[in-house]
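For reference, the chains in residue letters:
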Amino acid sequence: MKLARYTAYAGPESIVIDDVPVPAPGPGEVLVRVRAAPVTAGDARLRSGKVPRGLGAMLRLAIGLRRPRVAPGWAFAGEVAGLGAGVTAFRTGDRVFGVVGFKGGTHREYLTIPADGRILPLPETLGFNEGAAFFFGGLTAAEFLIDKAHLACGEHLLVAGATGSVGGAAVQIGRHLGARVSATASPANHALARALGAETVTDYRDAAPPGPFDVILDVMGGLGWRGAKGILAPKGRLALITADLPAMLGAALLPHGHGRRVITGTSPETRAKMERLVSLHLAQGYTPAVGQVLPFAMLAEAHAIAESFHKPGNLVVVME
Ligand SMILES: NC(=O)c1ccc[n+]([C@@H]2O[C@H](COP(=O)([O-])OP(=O)(O)OC[C@H]3O[C@@H](n4cnc5c(N)ncnc54)[C@H](OP(=O)(O)O)[C@@H]3O)[C@@H](O)[C@H]2O)c1
């Protein structure tokens, strides 16, 4: 089978695709034939080592000083191709999707994963490409809107950067929770932002839309506290999905006045959170937008697109 690996903190051309034997599932494991996998902003950051200011040393301590000692690929959708001893929850041929997380290993034709781990049946309402695209932005948006910002019905939400993986999920989930959703996007993506559920859309290069907003989800951190404070309502929450070290420290240490909060952090990729996102989908609250779909052989090109931070929806590679 074909399997991708990173060779250095470098450009997309540093990705190598090897031929290796198909692994055998161990006891309690499922062998998955991967049909599609997302190529995310996170993949691009792990491969390049380019993370927000002040976080580079932490990244290298966590995943490798000289090269990324993680495998490419964060999530997958595919079919069960084999079962290890003792597995009863799945059958060969089942459509499944799941997450392996930042240690990676889905940019390959087959993978093994514990049957009681982060693997779920793929709902009939989702194809493999949507299944691949499902978790990255969706888990992040749900975590920040529901668990961290406690977005309530009737509140006014601004999603700044509304048409990529995280923003596209946030617009949909915000609408589903009963919020009034405003969005910013580049002009080419205004129609997509509206289709996802935004009531008003403006260009993020223009002046910020007039608030006040109860929750602002700042996807690329382009507004920051400085750009958001004038349009954030009393008791408002600013969620910085992308935050550098000074922004993280400011969020934790500085007073923001009028009961307002700045939220940073990551989102846990637990099976329970994955199941909640599936429930949101089944309640018609979230279906990931799939943008470009490329063959696995074009993984390097996919990384170059992901690294732009301007992709519409989610980018997926397919193993044919
Ligand atoms: N904290 C966490 O746990 C967490 C989890 C996932 C991702 N992230 C981070 O979140 C960021 C976004 O990830 P993603 O997967 O959603 O990326 P993406 O799919 O590439 O989407 C990026 C979005 O940001 C918009 N954008 C680009 N530059 C902007 C700017 N200067 N001001 C406002 N909007 C801008 C783009 O709009 P146009 O295309 O219209 O230009 C696009 O909608 C990345 O930095 C990623 O590392 C953090």
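The structure under discussion appears in the preceding block.
Counting restarts for each chain, with residues numbered from 1 along the sequence as it is written. Thresholds applied to this predicted model are a pLDDT of at least 70 for local features of residues and 80 or more for the giving and counting of side-chain atom pairs; totals over whole chains, interfaces and linings are not thresholded and use all residues. The basis for every side-chain value is the complete set of non-hydrogen atoms in the structure, without hydrogens or water.

> Before we move on, could you go through the nonpolar core and cite the residues and values that matter?
Grouping buried Ala, Val, Leu, Ile, Met, Phe, Trp, Tyr and Cys residues that are joined through side-chain atoms within 4.5 Å yields what is termed a nonpolar core. Type-normalised accessible area, obtained with a 1.4 Å probe on protein chains alone, sets the label of each residue: buried when under 20%, exposed when over 50%, and partly exposed for intermediate values. Among the nonpolar cores identified, the biggest contains 51 residues, and Phe97, Phe135, Val159, Leu217 and Leu277 are the most heavily contacted of them. By definition, any uninterrupted DSSP run of H or I lasting at least four residues is a helix, any uninterrupted run of E lasting at least two residues is a strand, and each is numbered from the N terminus. In terms of residues, this core owes the most to one element, helix 3 (residues 128–148), which gives 11 residues. Whether two residues are in contact is decided by their heavy atoms, any of which lying within 4.5 Å being enough. Residues in contact with Val159, not counting those within four places in the same chain, are Gly167, Ala170, Val171, Val181, Ser182, Ala183, Thr184, Leu217 and Val219. If you look at the next biggest cluster of nonpolar residues, it comprises 32 residues, including Tyr6, Leu46, Phe76 and Ala306.

> Give me the lowdown on the packing of helix 3 against helix 4 (residues 165–176), citing residues and values where you can.
For helices, the fitted axis covers only the stretch in contact; all axes are lines through C-alpha atoms, and the angles between them, taken along N-to-C directions, range from 0 to 180 degrees. Between helix 3 and helix 4, whose axes approach to 8 Å, the crossing angle comes to 50°. In terms of their interaxial angle, helix 3 and helix 4 are classed as oblique. Considering the relative orientation of helix 3 and helix 4, their crossing is right-handed. Along the contact surface, helix 3 presents Phe136, Gly137, Gly138, Thr140, Ala141, Ala142, Leu145 and Ile146, while helix 4 presents Ser165, Val166, Ala169, Ala170, Ile173 and Gly174. Three residue categories are used. Nonpolar comprises Ala, Val, Leu, Ile, Met, Phe, Trp, Tyr, Cys and Pro, charged comprises Asp, Glu, Lys and Arg, and polar comprises the others, including Gly. Of the residues in the contact of helix 3 with helix 4, the class split is 9 nonpolar, 5 polar and no charged. Roughly parallel means an angle under 35 degrees; roughly antiparallel, over 145; roughly perpendicular, 65 to 115; everything else is oblique. Rotating anticlockwise by less than a right angle from the far helix to the near helix defines a left-handed crossing, while the corresponding clockwise rotation defines a right-handed one.

These results come straight from atomic positions and should not be treated as a statement about function.
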